[in-house]
Amino acid sequence: MYRALVYPLLSRIEPEKAHAIALRSLRAAQATPGGLALLRTLSAPRDPRLEIRAFGLRFANPVGAAAGMDKNADAVAALLALGFGCVEAGTITPRPQPGNDRPRVWRLPEAAALLNALGFPSNGAAAVEKRLAGRTFAGVVGVNLGKNKETPAEEAAKDYAAVLDRLWNCMDYAVVNVSSPNTPGLRALQSRAAILDIFSALRVVNRSGGRARAPRPLLLKISPDLTDDQLDDALAAALEASAAGVVVANTTLDRSSLADPLPGRPGGLSGAPLREKSLALLRKVRQRVGRRLPIIGVGGIATAEDVIQRMKAGACLVQLYTAFVYAGPGLPGQIVRGLSEYVRREGLKSLEEIVGAGA
Ligand SMILES: Cc1cc2nc3c(=O)[nH]c(=O)nc-3n(C[C@H](O)[C@H](O)[C@H](O)COP(=O)(O)O)c2cc1C
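These lines cover the structure that appears in this document, whether it is placed above or below.

Reading the values: the criteria
- Residues numbered from 1 in each chain as written.
- Predicted model: local features only at pLDDT ≥ 70, side-chain atom pairs only at ≥ 80, totals over all residues.
- Core = buried A, V, L, I, M, F, W, Y, C linked by C-beta atoms within 7 Å.
- Buried ≥ 20, exposed ≤ 12 C-beta atoms within 10 Å, placed from the backbone.
- Helix = DSSP H or I, 4+ residues; strand = E, 2+ residues; numbered from the N terminus.
- Contact = placed C-beta atoms within 7 Å.
- Pairing = 2+ DSSP bridges.
- Right-handed = clockwise from strand over helix to strand, strands pointing away.

## Re the nonpolar core
Core analysis: the biggest nonpolar cluster contains 111 residues, and Leu79, Tyr160, Leu219, Ala238, Ala243, Val246 and Val248 have the highest contact counts within it. Counting residues per element, this core draws most heavily on helix α6 (residues 156-167), which supplies 8 residues. If we skip the residues at most four places from it in the chain, Val248 touches Ile222, Ser278, Leu281, Leu282, Val285, Ile295, Ile296, Gly297 and Val298.

Right under this line is the structure:
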């Protein structure tokens, strides 16, 4: 129904507006009695064999909503009700900021891809805190941490720490985003020194007094455009900083897989053209860190087969965004049903058995 009726309408609307309409509808559903139950009819039945334990948390299934889908945590309960095992809200900056000039999101339907140059539009941490505080719904909520555009690189660690501090009580884990291509200078923070600096500021927040619960697992999200040396540097820093895991990967600036590289449009590419690149990077990361760092695989995931392939390559969890735009709200349920069918067919006790099992 989504492909036949809803997508043709939404696809006529400017992509960012269409996304806002979709989020508003989900927000209205979660605020309406019975709305979440209605959304749950699109999800798959809960299957204990799909549960994943990672960095001290328990995920109902490995399929998460990637950062960017719900930047300001407007519709977290609704997205979880649709069957995602986790929602990573953000990127959230300490202070509100508008992001780059519009237009800044483009659909590439023939390529099943998106281009975005959003530049962290964010309501800011205080506004998001109001939305997440005292949440009553179950499910894992991550927060993707960012810095404000005007904050100089030398002070970036303070920004990441400020968002963690503000939202500490509302989140289950945090991701340090130093890999979006749309904030000038951000990706330079993938250097060893910058990562160590940021994680050390975050550990101070994690240890600060009055925290009733365990320290929040801190993950690093990396770019698929790192050179081998840069990757080695970033992973060594993640290990040294005792990161809880690594998210592989953000959008790419590499347009070589597109028939038309669209030189007039800035921004990062996501969706199907990122699939092979992020899978190859995941394999490389796994080779370098083994089991020392849990990996969340992201980029071009659209089917249960993609999830299985990513997990066999070493990811314990996955996330997606672009495929959801094209396939609609039934996608998480459809993928999770596919995973249940797979564990049944293969006679697995738990899907976790395939993590790192190879192709
Ligand atoms: C419109 C859009 C906005 C995004 N915003 C963020 C963001 O704020 N922070 C972030 O870490 N990643 C962001 N991403 C990247 C996604 O989280 C993900 O890493 C990437 O899109 C690859 O996954 P996909 O191919 O399933 O979309 C964004 C992606 C898109 C398409």
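## Examining unusual backbone geometry
Backbone phi values are negative for most residues with the exception of glycine, while trans is the configuration of most peptide bonds. In this structure, Thr91 follows Gly90 across a cis peptide bond, with omega equal to 10°. One can find Thr91 in strand β4 (residues 86-92). Backbone torsion omega between Arg102 and Pro103 reads -5°, so that peptide bond is classified as cis. Relative to the helices and strands, Pro103 resides in the loop between β4 and β5 (105-108). In this structure, Phe55 is a non-glycine residue whose phi angle is positive, near 35°. Structurally, the position occupied by Phe55 is in the loop between β1 (52-54) and β2 (57-59). Overall, the presence of 18 C-beta atoms within 10 Å leaves Phe55 in the partly exposed class. Not every positive phi belongs to a glycine, and Ser242 is a case in point at roughly 55°.

## As for the pairing of strand β9 (residues 218-222)
With 5 of 5 residues buried, β9 is to be regarded as a mostly interior element. Covered by surrounding structure in β9 are Leu218, Leu220 and Ile222 together with Leu219 and Lys221, the residues of both alternating faces. Sheet topology note: the strand β8 (residues 173-177)/β9 ladder contains 4 bridges and is parallel. When the sheet's bridge partners are listed, Ala174 is paired in β9 with Leu218. For β9 and strand β10 (residues 245-248), the ladder comprises 4 bridges, and the chain directions are parallel. Residue Leu220 lies in a different strand from β10, and its bridge partner there is Val246. Traced from β9 through helix α8 (residues 228-240) to β10, the parallel crossover comes out right-handed.

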